[in-house]
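# Structure assessment
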Amino acid sequence: KPSGRFFMEALFGKTFNLLSTMLDFRSARSKLISSNIANLESADYKSADYVFKEDLRRAMDLKIRLSRTNEKHFPNAQDEITKNDFRLVKSDEKADLDKEMTNLAENQLMYNLSVELLARKFRGINNILKEAK
């Protein structure tokens, strides 16, 4: 019996799972950065941040061999990203307001981008359904 995940991938492709996971990551990171800012004046507080997939495995190390079944396919380093790919890292330094505000702004922009990409995916499916009527 096909699972709900099977239908989601058939309908949305793996993009939906990726964007959903990225929204979770950006949301959790926003809370953590806000905590860093809120604790700027705390004497023993050290800043923290999430690292994503070991910084995407050090920018993919570019040593991964991939096979493509069609020359028009783009190479894909990983088919699935999960919450297990995020890791909390504590810094040895106190939080810096400028750095944290920059991180918060960058994170918000990336969150908004993920939301927009997800909305486009839904609009595309909606258009297909309208045309199929």
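Notes on the structure in this doc start here. All of these numbers come straight from a predicted model, not from anything done at the bench.

Before going further, it helps to spend a moment on the packing of helix α2 (residues 14-38) against helix α4 (residues 97-132). Where α2 meets α4, the closest approach of the two axes is 9 Å, and the angle between their N-to-C directions is 155°. Between α2 and α4, the angle is such that the two are roughly antiparallel. For α2 against α4, the interelement crossing comes out left-handed. A per-class count over the contact of α2 with α4 returns 15 nonpolar, 8 polar and 5 charged.

Counting across every chain of the model gives 5 salt bridges. Here Arg29 ties to Asp49 by a salt bridge, and the two come within 2.8 Å at their closest N and O atoms. Remark: Asp49 occurs in strand β1 (residues 48-52) and Arg29 occurs in helix α2; sequence separation between them is 20 residues. A relative accessible area of 7% means that Arg29 is categorised as buried. Among the residues examined, Asp49 registers a relative accessible area of 21% and is labelled partly exposed. Between Glu106 and Arg29 there is a salt bridge, with its nearest N and O atoms 2.9 Å apart.

This part covers a negative patch on the surface. Negative charge collects at one region of the surface, where Asp92, Glu93, Asp96 and Asp98 lie side by side. In this structure, Asp96 sits in the loop between β2 (86-90) and α4. We classify Asp96 as partly exposed; its relative accessible area is 41%.

Right, let's get into the side chain of Arg26. Mapped onto the elements of the fold, Arg26 is located in helix α2. Among the residues examined, Arg26 registers a relative accessible area of 9% and is labelled buried. Those residues in contact with Arg26, other than ones at most four positions away along the chain, are Glu106, Asn107, Met110 and Tyr111.

We now examine the packing of aromatic side chains. Inspection of every chain in the model, using the stated rule, returns 1 aromatic pair. Each ring, one from Phe16 and one from Phe122, has its centre 5.9 Å from the other, and the planes form 80°; the classification is edge-to-face. Highlighted residues: Phe16 in helix α2 and Phe122 in helix α4, separated in sequence by 106 residues. The exposure class assigned to Phe122 is partly exposed, which follows from its relative accessible area of 38%.

Criteria and thresholds
Position numbers for residues start from 1 in each chain and track the written sequence from start to end. Reporting in this predicted model follows two pLDDT cut-offs: at least 70 for local features of residues, and 80 or more for side-chain atom pairs to be given and counted; totals over whole chains, interfaces and linings ignore these cut-offs and use all residues. The basis for every side-chain value is the complete set of heavy atoms in the structure, and neither hydrogens nor water enter the calculation. Simply put, an axis is a line fit to the C-alpha atoms, just over the touching stretch for a helix, and the angle between two N-to-C directions goes from 0 to 180 degrees. Think of it this way: any DSSP run of H or I at least four residues long counts as a helix, any run of E at least two long counts as a strand, and we number them from the N terminus. Each angle gets one of four labels, with under 35 degrees taken as roughly parallel, over 145 as roughly antiparallel, 65 to 115 as roughly perpendicular, and the rest as oblique. Definitions for this section: a left-handed crossing has its near helix turned counterclockwise from the far helix by less than a right angle. A right-handed crossing has that turn clockwise. In this classification, the charged set is Asp, Glu, Lys and Arg, the nonpolar set is Ala, Val, Leu, Ile, Met, Phe, Trp, Tyr, Cys and Pro, and all remaining amino acids, among them Gly, are polar. We define a salt bridge as a contact between a side-chain nitrogen of Lys or Arg and a carboxyl oxygen of Asp or Glu at a distance within 4 Å. Accessible area is worked out with a 1.4 Å probe on protein chains only. A residue is then buried under 20% of its type maximum, exposed over 50%, and partly exposed in between. Each patch is assembled from residues with relative accessible area greater than 30% and no salt bridge, linking like charges that lie within 9 Å and nonpolar side chains (Val, Leu, Ile, Met, Phe, Trp, Tyr) that lie within 5 Å. Accessible surface is estimated by sampling points in the Shrake-Rupley manner with a 1.4 Å probe; for residues, cover comes only from the protein chains shown. Counted as positive: Lys and Arg. Counted as negative: Asp and Glu, with His and the chain ends omitted from the count. Note on charges: their place is set at NZ of Lys, CZ of Arg, CG of Asp or CD of Glu. Any pair of residues with heavy atoms lying within 4.5 Å of one another is described as a contacting pair. Note on aromatic pairs: the rings of Phe, Tyr and Trp (six-membered ring only in Trp) are paired at centre separations within 6.5 Å, and the planes decide the class, stacked below 30 degrees, edge-to-face beyond 60, tilted for the rest.

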